[in-house]
Amino acid sequence: MEKRYIKDIRLGLQEEWVESVIQRFLSVNHFERKVMYYEWSKFQGAETGLPQINRFFRYQYEGGLLHMEAWIENDKMEMGLTGWGSMMEKYPYLKGMQQLIDELLAPLPKDHYAVAALRREMRKEKIKRCVGGIFFVVLLLGFFVMWQWAR
């Protein structure tokens, strides 16, 4: 399992525009600036007794190259945005990251080799996310049917 969702994207766009897109994403999603990263400021779990899940984001845009890292943490460990653990928290964050990347890629030519490769990679991530969600629902339905049948 990967520890962080990491993307390096050669954008070659104006720094002010890239910065404004990322800052809007951070503001809309309630991230707060810390020393070396941004942390999601909407905390959960305290009222429900569930483990508290925090979202983190770090980026750097220099010389036309964007480096982004996104991850979540609970009380015990750091996790990337793919895989089964904490799936309900990962998938909305992954979807938001993919929307951010789509917005950042929008001004670039669609046939540019790097853009096309990144879009293919993101399509695979979306398919895995959907298949994982469907599998999870089927698994829950299977348990429900078995539970009803055992009664």
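Our structure is the block above this text.
Now for a description of the structure that goes with this document.

Criteria and thresholds
- Residues numbered from 1 in each chain as written.
- Predicted model: local features only at pLDDT ≥ 70, side-chain atom pairs only at ≥ 80, totals over all residues.
- Heavy atoms only, no water.
- Helix = DSSP H or I, 4+ residues; strand = E, 2+ residues; numbered from the N terminus.
- Buried < 20%, exposed > 50% of the residue type's maximum accessible area, 1.4 Å probe, protein only.
- Contact = heavy atoms within 4.5 Å.
- Patch = residues over 30% accessible without salt bridge, like charges linked within 9 Å, V, L, I, M, F, W, Y side chains within 5 Å.
- Areas by Shrake-Rupley, 256 points an atom, 1.4 Å probe, with all protein chains shown as cover.
- Salt bridge = Lys/Arg side-chain N within 4 Å of Asp/Glu carboxyl O.
- Lys, Arg positive; Asp, Glu negative; His and termini not counted.
- Charge placed at Lys NZ, Arg CZ, Asp CG, Glu CD.
- Phe/Tyr/Trp six-rings, centres within 6.5 Å; stacked < 30°, edge-to-face > 60°.
- Lys NZ or Arg CZ within 6 Å of the ring centre and 35° of its normal.
- Expected span 1.5 Å × (residues − 1).
- Arc of directions from axis to C-beta.
- Pairing = 2+ DSSP bridges.

Considerations on the overall build of the chain
And step 1. For the chain, the count of helices and strands is three helices and six strands.
And step 2. Put simply, the chain runs from its N terminus to its C terminus through helices and strands in the order β-α-β-β-β-β-β-α-α.
And step 3. Classification of the 151 residues of the chain by burial places 34% in the buried group.
And step 4. For the chain, restricting intrachain contacts to residue pairs at least 6 apart in sequence, the fraction spanning at least 24 positions comes to 55%.

Describing a positive patch on the surface
And step 1. A cluster of basic residues, R120, R123, K124 and K128, forms a positive patch on the protein surface.
And step 2. For R123, the position within the fold is in helix α3 (residues 113–150).

Some points on the packing of aromatic side chains
And step 1. One pass over the structure, following the stated rule, counts ten aromatic pairs.
And step 2. Through a chain of ring-to-ring contacts, three or more aromatic side chains come together here, namely F25, F31, Y38, F57, Y59 and Y93.
And step 3. Stacked on the ring of W71, the Lys or Arg R4 has its end atom at 3.6 Å from the ring centre.

Here we look at the pattern of salt bridges
Pairs can form between side chains of opposite charge whenever their charged atoms are close.
And step 1. Applying the stated criterion across every chain yields a total of four salt bridges.
And step 2. E78 is the salt-bridge partner of R4, the closest N and O atoms lying 2.8 Å from each other. Here R4, found in the segment before β1 (5–10), pairs with E78, found in strand β6 (residues 78–79); they are 74 residues apart in sequence, far enough to count as distant.
And step 3. Its relative accessible area of 22% is what places R4 among the partly exposed residues.
And step 4. One network of salt bridges, in which partners are shared, links R4, E69 and E78.

Some words on helix α1 (residues 15–28)
And step 1. Along its 14 residues, α1 runs 20 Å from first to last C-alpha, staying within 8% of the 20 Å computed at 1.5 Å per residue.
And step 2. Within the span of α1, buried status applies to V18, V21, I22, F25 and L26. Summarising the axial view, the buried residues of α1 lie within an arc of 135 degrees, below the 170-degree limit, and thus occupy one face. Looking at α1, the residues exposed on the side facing more than 90 degrees away from the buried face are E16, S27 and V28.
And step 3. Within two residues after α1, H30 carries a phi angle of roughly 65 degrees, on the positive side.

Digging into the pairing of strand β5 (residues 65–73)
And step 1. Both β1 and β5 contribute to a ladder of six bridges, which runs antiparallel. Among the inter-strand pairings, D8 is bridged to a residue of β5, identified as H67.
And step 2. Hairpin connection between strand β4 (residues 54–62) and β5: a loop of two residues separates the two successive antiparallel strands, and G63 in this loop has a positive phi of roughly 60 degrees.
And step 3. In this structure, β5 lies alongside β6, joined through two bridges in antiparallel fashion. When the sheet's bridge partners are listed, E73 is paired in β6 with E78.
And step 4. Between β5 and β6, which follow one another and run antiparallel, lie four residues.

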